[in-house]
Each structure stands twice: as structure tokens, then as C-alpha cells.
Amino acid sequence: LGSVIAYFTSAKFLLYLGHALSTWGDRMWHFAVSVFLVELYGNSLLLTAVYGLVVAGSVLLLGALIGDWVDKNSRLKVAQTSLVVQNSSVILCGVILMIIFLFKTQLLTLYHGWLLTLCYILVITIANIANLASTATAITIQRDWIVVVAGEDRSKLADMNATIRRIDQLTNILAPMAVGQIMTFGSPMIGCGFISGWNLMSMCVEYLLLWKVYQKTPTLAHKSAKVEASELKQLNVKKESDVKPAEGVQLIIEKDVTGFEPQQEKEVGCAARIAEPFITFRDGWVAYYNQPVFLAGMGLAFLYMTVLGFDCITTGYAYTQGLSGSVLSLLMGASAVTGITGTVAFTWLRRKCGLIRTGLISGVAQFACLILCAISVFMPGSPMDLTVSPFADISARLFENEPLPTIASPEPEMIFATGMPNLLNGSIAPANSDPEMSPESVPLISVSLLFAGVIAARVGLWSFDLTVTQLLQENVIESERGIINGVQNSMNYLLDLLHFIMVILAPNPEAFGLLVLISVSFVAMGHIMYFRFAQKSLGKQLFVCHTPEPKAAPDSSPPGNTSTV
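This one's a predicted model, so the numbers in the text were calculated from it and none came from an experiment.

Explanation requested: the overall build of the protein chain in the structure shown.
Secondary structure assignment for the protein chain yields 17 helices and zero strands. Taking all 565 residues of the protein chain together, the buried fraction comes to 52%. Taking as baseline every contact in the protein chain between residues at least 6 positions apart, the subset at least 24 positions apart corresponds to 83%. Per element, the accessible surface of the protein chain, about 24900 Å² overall, is 68% carbon and sulfur.

Written as C-alpha cells, this is what we have:
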């Protein structure tokens, strides 16, 4: 009983609990805000598209600056500030949306509708601020606090990373389902009120949990001003079972981060102040490029350039192929199960084969499963036809002076149940929803193979994601964790943005097969980059398990950088 109580009061469990609360609110909000924007703008996807573009562009441009801010301030200050800003922004957004839902008719008549447009801009701006604060929270908690709480035990760090990902997987499915039911049986306004109330309650509890974790882990109060030893990352040269620090390895806790406060105030000119963010942006990307784990990070980023995930694009395509919302919800549940399986596989493989080889095995497993998706493009039922112009329907309507299609008549129950409006044909309803067409007449071989490959690949995907995450945690010096992970987030968003641009250029179902093949190609390129990283790091021992992983090759890190892999 004492051990159980000790676990539930430990810093590790409190960190899990805080992350679960934060992620639950985050997933509810990300799901609901897209639905709200669709509902508000006459069931058009315009506001949702603008919101997605603003969010991706902001993290792409500001990721390095956010990471630099994380590095330069104390851990508790960063965590509490980002927590308060994120939740306050969501609460404020919820209140504004409730006002819009209540007084939309009146707002339309005021100043020729410009006041309503201003409200839309305000909602998107504040929601974007919430997302940036969420990015700062993720960097400081998942990339820094967790490393300090784990101490020098790499196995504990791997288990904590895996548990965090399991929480992510569960909340990804359960949180949208919960808020979707509230909006279905209540109303969008009730949904806004519920999310605002949840974030207010969650913010208070998370604030307390962060303080308790901070108190229970004294080393969180200190940050390395400059690093002269290699900290946790040199433990890569040890066997997996050895959790004691190696000889000569010194954990640097030089001084409290308050030591970063300028000791000598210097007059800074206006031009220098203006140039500072640009210099930080440049320095962040240069530092990222010079990291010994650069190729591994790039490999992970390339996996974002894909339509083979359970986002609105793939789900929209599934609707055009006749899959119902209930079937899609079951498939999403199956993907969550395989994702959790991937986190279990990661911890087992890391113990057996080491961290770097786990990434290789995971990459091969993911790519092998995605071969099914490539095969599905050529199977019966695949609509791929590259002779059909992606913009034929739009061109025809423009020349005939017909209005462009928007989302069909409101069906809030369907949106709230699945949260995935069809982006490919501009309609919420499935393309194959003709009442004359029986389910048996819809060829499902192609789409079945596609989703089989996507779901099975989640095992390798999440195991690979955890591998790269831990490589960044172990091999980036403490004083650069924030900025390097900020740039990594920027890279992820850049490739994610490119995949949306790819869909905009080929939005019709007939071109989706080509997008699948391009996606598989990018995944392959990502894993080739990781293979090159592993080859540099392990050399001839690349395919030999049960041996200690050696230091990184001399040419894999810049001169003066003491990081090892």
C-alpha cells in the first residue's frame, strides 16, 4: 500500500496527470474550433483553412523564438506562463464564440458585417496564440522537464516518453468524442461554454500539479548556463541495464537560470532590438543543422508530408469511397490501439537492441505496412485517373457563372460525431451516398487496403517518433533543448503545410492515388535519412544487437560540440 501511495504522489505520476489534463483540453479545443468555424461561416471551409494556415505559419516562423524563450527563462516560469496564456486564450475564445452564436444576426447588420468579420479575425488570432503557448508547454514539459525528472536513468526516460504518448493516443480519440456528444445533444454554444469551463478548472489544477512536481524535483530549479560536460547523452555508451552514471560523466547544474539575467546592462540600439528575433531565428536553424541528430530529426519531419493519417484529408477521401462515419470512428479506434502497441514495442525494442536500432526497425516496419497503401492505388475500386483535371469542376462553374460549391446543408450531428468534413468534394455527405446505390455495389478492396496499411503503420510510426524524441532529449545539450526542439516543431509544421498545399493542387478523389504514392516516397526518404544517421553513429555495429552503442562518428557533430549519440 505504501508503494502505491508513493507512486501516486511521485513527481512522475503528477507529471502524467498534468499532461493528461492539458492534452484532454487541448484535443477538445482543436477539434471544436474547426467545427465552430465551419458552423459560423455558412458551412464553408474558408475560416478553417485560414486558421490552419495561420497556425502552421506561426509555428514555422516563431518555433525557434519560442524555444529560445524557453531556454532563457526558469523552468517554472516558462511552464506556468505558457499554461496560463494557453488556457486564458481558449477561455476568451470560447466567450467570444458564444457571443457570436448568440448575436450573429445582429452582428451581420452592424457596419455592413465588418464587426462580425472582426470577431472572426479575433477568434483566429487568439486561437493561434493559444496554439503557440501550447507549443511552448510541449517543449518545456515533454522535452525538458521529463528529462530532469527521469534523472540519469535512460530506461525510466523511455518508459515516461512511452506513457506520455499513450496518454496522447487515448485523448486523441476520447476527447473529441466527448465534446462531440455534448455539441450533438446540446448546441455549439453549450460546447463553447463547456470547453471554457473545463479549461478554467484544468488551468488551476495543472498550475498546482506543476508546482508540486517542481517541489519534488529540486534539480528543476537549476539550469546549465553553459555546458562543459555531456550530461545524460553520454550514457548512450553504456549498456541498457546500467542506470548509474558512467565514470567521468558529470551532470551540470551550474547555477539557477536567474543567472541568465543580464549582469551588465548595455545600451541596445533600436536596430539591434529589431534584428534580434531574426538573429535568433537564424542561429536556431544553424544550431539545429549542426546537431549530431540532425538527420534523425529531418527523418521525423519528412513523415509529416503525408496524406496517410487520420486527418480531415484522408477521412474526406474515405467519405467519397462510401465509408460511413460509424465505420471511420471504428477505424480511428483501431489506429489508437495500434499506436499504443507502437509505444509498447518501442520500450521492448530499446531494451533488446538499443535506441538507434529501434528507430531502424520501426522505420522498416512502418514502410513495409505503407506498401499496402501504394498497392491499394492500383486495386479495383481505386478512383485514380490522372487524365481528370483537378480543377475541371471549378473551371466549368466559373465559365458557366455558377456559384462555387460549399459544404452542403448543415448536418451538425455528422460533423460533431466525426469532426471530419469532406475536403475533397466540398460536401459533408459521402460522394457515394446515392440512395439508389447499394453498399454491395461500392468496391471496397482499394480503400480497405489503404486503411489496413495506414492502421498497421501506426505501430512503426509511433515507435519511430519515440526513438527520435529520446535521441533529441539525450543528445541536445540542456542549454539548447528549447531552441532545437522549437526548430524541430517548425520543420514538422513546414512539411505538414506542404502536404496541405499538395492537396490543394490536387483536391479531387481521382488524384488521391498520386498523393498516396508521393506520401510513401516522402516516408521512404525520411527513413533513408535516419538510416544515414544510424550508419554514421554505429558504423559496422549497425546490425549487431546487444552491444553498447558507441559515440557518434567524428564528422557527425560540429567542431567544439561535445554532443554524442
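Quick question: what am I supposed to make of a nonpolar patch on the surface here?
A grouping of Leu1, Val4, Ile5, Tyr7 and Phe8 is seen on the molecular surface, where their side chains present a nonpolar patch of about 530 Å² in accessible area. Residue position: Phe8 is located in helix H1 (residues 2-8). The exposure class of Phe8 is partly exposed, given its relative accessible area of 43%.

What's the story with helix H5 (residues 114-150) in this structure? I'm lost.
The end-to-end C-alpha distance of H5, which contains 37 residues, comes to 52 Å, matching closely the 54 Å that a straight helix rising 1.5 Å per residue would cover. The axis of H5 is deflected most strongly, by about 30°, at Asp144. Here H5 lies mainly inside the structure; 28 of its 37 residues are buried. Positive phi shows up at Gly151, right after H5, with a value of about 70°.

Got a minute to help me understand the pattern of salt bridges in this structure?
When the charged atoms of two side chains lie near each other, side chains of opposite charge can form a pair. The full count for this structure, using the stated rule, is nine salt bridges. In the salt-bridge network here, residues are joined through shared partners; they are Arg75, Asp144, Glu478 and Arg481.

What is the right way to look at the packing of helix H3 (residues 46-72) against H5 in this model?
Two quantities define a packed helix pair, namely the angle between the helix axes and the distance between the axes. Packing of H3 against H5 leaves a shortest axis separation of 9 Å and a crossing angle of 40°. By the angle class used here, H3 and H5 are oblique. For the element pair H3 and H5, the recorded crossing hand is right-handed. The residues of H5 that touch H3, namely those facing Leu47, Val50, Tyr51, Val54, Val55, Ser58, Val59, Leu62, Ile66, Trp69 and Val70, are Tyr120, Ile124, Ala127, Asn128, Asn131, Leu132, Thr135, Ala136, Ile139 and Thr140. Residue classes in the contact of H3 with H5 are distributed as 16 nonpolar, five polar and no charged.

Sorry if this is basic, but what is going on with the environment of Ile528 here?
Looking at the element boundaries, Ile528 is found in helix H17 (residues 512-538). Since its relative accessible area comes to 57%, Ile528 is described here as exposed. Through-space distance from the C-alpha of Ile528 to that of Gly299 is 7.5 Å; in sequence the pair is 229 residues apart.

Criteria and thresholds
Residues numbered from 1 in each chain as written. Predicted model: local features only at pLDDT ≥ 70, side-chain atom pairs only at ≥ 80, totals over all residues. Heavy atoms only, no water. Helix = DSSP H or I, 4+ residues; strand = E, 2+ residues; numbered from the N terminus. Buried < 20%, exposed > 50% of the residue type's maximum accessible area, 1.4 Å probe, protein only. Contact = heavy atoms within 4.5 Å. Areas by Shrake-Rupley, 256 points an atom, 1.4 Å probe, with all protein chains shown as cover. Patch = residues over 30% accessible without salt bridge, like charges linked within 9 Å, V, L, I, M, F, W, Y side chains within 5 Å. Salt bridge = Lys/Arg side-chain N within 4 Å of Asp/Glu carboxyl O. Expected span 1.5 Å × (residues − 1). Bend = angle between axes of the 7 residues up to and from the residue. Axes fitted to C-alpha atoms, helices over the stretch in contact; angles between N-to-C directions. Parallel < 35°, antiparallel > 145°, perpendicular 65-115°, else oblique. Left-handed = near helix turned anticlockwise from the far one by under 90°. Nonpolar A, V, L, I, M, F, W, Y, C, P; charged D, E, K, R; others polar.

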